[in-house]
Each structure stands twice: as C-alpha cells, then as structure tokens.
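# An overview of the molecular structure
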Amino acid sequence: DVQLVESGGGSVQTGGSLTLSCAASGFTHRSYCMGWFRQAAGKEREGLSFIDNYGHTNYTDSVKGRSFISRDNDKNTESLQIDSLKPEDTAKYYCVRDVDSRDGIPDFGYWGQGTQVTVS
C-alpha cells in the first residue's frame, strides 16, 4: 500500500526557516509526481509545490521565491524547505502523490497524515 509519512513540523518564529520531509513507500518512487499541500484552520487545502518524475517543479505564488522542493529517488523521500516564514504559513502540511503520472493529470489522490507547522 502507498504510505506517505511527513515529519519536520513544529513551532517556528516569524522570519525563520523550516524543512519538511516525506518518507514514501509502497510504490516505485521515481515514477510519480510528488508534492506538498497545506490546510490552515478554517481554510481549504492549498497546493504549494510539485515535482514530477522528470524533476520539473512548480510553486504556487504564496511560497514562490522562498521555498524549494526536492526529491531523492534512491531514498524514497521528498522535502520542502520554506524560508521567511509568516504567521499565515501556519497550517497542517501534507505530502501527496499523483495517482497516475502517465495521464498528464495532476490528480493527487494519495496523502499522508500531515505535520503541523505553527509560525508566531
């Protein structure tokens, strides 16, 4: 079964940096687009950053310029670094996997349990 386990969350000061990690198992890691979502209290889930099976990346405007997504297919992991953290970055962060990278549709159907980030 697909398993995604996030780590690295916690309480961070405004202006600080944080790196989230995701340990993936149950599938051929290099074959799938991976990414990160977050959900703040009372808000809908927001896609933050994605990295496909070719290594190409995308970032949403809210974190573009202060974040970096990476993947290590040998270790079956992906990470998201966020700099210049703001209180509005407070949310639960989720690691996600595309359902089928062959169809060209970024439908992230597999999710981890999430890790909480609190910025103050």
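Below: a short report on this structure.

Calculation notes
- Residues numbered from 1 in each chain as written.
- Predicted model: local features only at pLDDT ≥ 70, side-chain atom pairs only at ≥ 80, totals over all residues.
- Heavy atoms only, no water.
- Pairing = 2+ DSSP bridges.
- Helix = DSSP H or I, 4+ residues; strand = E, 2+ residues; numbered from the N terminus.
- Axes fitted to C-alpha atoms, helices over the stretch in contact; angles between N-to-C directions.
- Disulfide = S-S within 2.5 Å.
- Buried < 20%, exposed > 50% of the residue type's maximum accessible area, 1.4 Å probe, protein only.
- Phe/Tyr/Trp six-rings, centres within 6.5 Å; stacked < 30°, edge-to-face > 60°.

Moving on: the sheet that holds strand S1 (residues 3-7). Strands sit in the order S1-S3-S8-S7 across an open sheet of 4 strands; the sheet is antiparallel. For this open sheet the edge positions go to S1 and strand S7 (67-72), each flanked by a neighbour on one side alone. The mean inter-strand angle of the sheet, taken between neighbouring strand axes irrespective of direction, is 15 degrees. Bridging between strand S3 (residues 18-25) and strand S8 (residues 77-82) involves 6 bridges; their strand directions are antiparallel. Residue Ala23 lies in a different strand from S8, and its bridge partner there is Thr77.

By definition, a disulfide links the sulfur atoms of two cysteine residues through a covalent bond. Applying the stated criterion across every chain, the model contains 1 disulfide. Residue Cys22 pairs covalently with Cys95 via a disulfide, S to S 2.1 Å. Measuring handedness by torsion sign, the sulfur bridge of Cys22 and Cys95 sits at about -80 degrees and is left-handed. Placement of the pair is Cys22 in strand S3 and Cys95 in strand S9 (residues 91-98), with a sequence separation of 73 residues. When sorted by exposure, Cys22 lands in the same class as Cys95, which is buried. No disulfide involves Cys33; its nearest neighbouring cysteine sulfur is the one of Cys95, lying 11 Å away.

Attention shifts here to the environment of Tyr54. By the secondary structure assignment, Tyr54 is in the loop between strand S5 (46-51) and strand S6 (57-59). Sequence-wise, Tyr54 and Tyr32 are 22 residues apart; in three dimensions their C-alpha atoms are separated by 9.1 Å.

The phi dihedral of Asn76 falls on the positive side, at around 55 degrees, and the residue is not glycine. Structurally, the position occupied by Asn76 is in the loop between S7 and S8. For Asn76, a relative accessible area of 27% gives the class partly exposed. The backbone phi angle of Ser84 is positive, close to 50 degrees, even though this residue is not glycine. Relative to the helices and strands, Ser84 resides in the loop between S8 and S9.

Moving on, we get to the packing of aromatic side chains. Tallying each qualifying case throughout the model produces 6 aromatic pairs. Here the aromatic rings of Phe27 and Tyr32 are separated by 5.6 Å at their centres, their planes lie at 90 degrees, and the arrangement is edge-to-face. By relative accessible area, Phe27 is classed as buried at 15%. Residue classification places Tyr32 among the partly exposed residues on the basis of a relative accessible area of 21%. Between the aromatic rings of Phe37 and Phe108, the centroid separation amounts to 6.1 Å while the plane-to-plane angle is 65 degrees, which identifies the pairing as edge-to-face. A residue pair is termed long-range when its members are at least 10 positions apart, and Phe37 in strand S4 (residues 34-39) and Phe108 in strand S10 (residues 108-111) qualify at 71 residues. Residue Phe37 is classed as buried on the basis of its relative accessible area of 15%. What makes Phe108 buried here is its relative accessible area of 12%.

Structural measurements only, silent on function.
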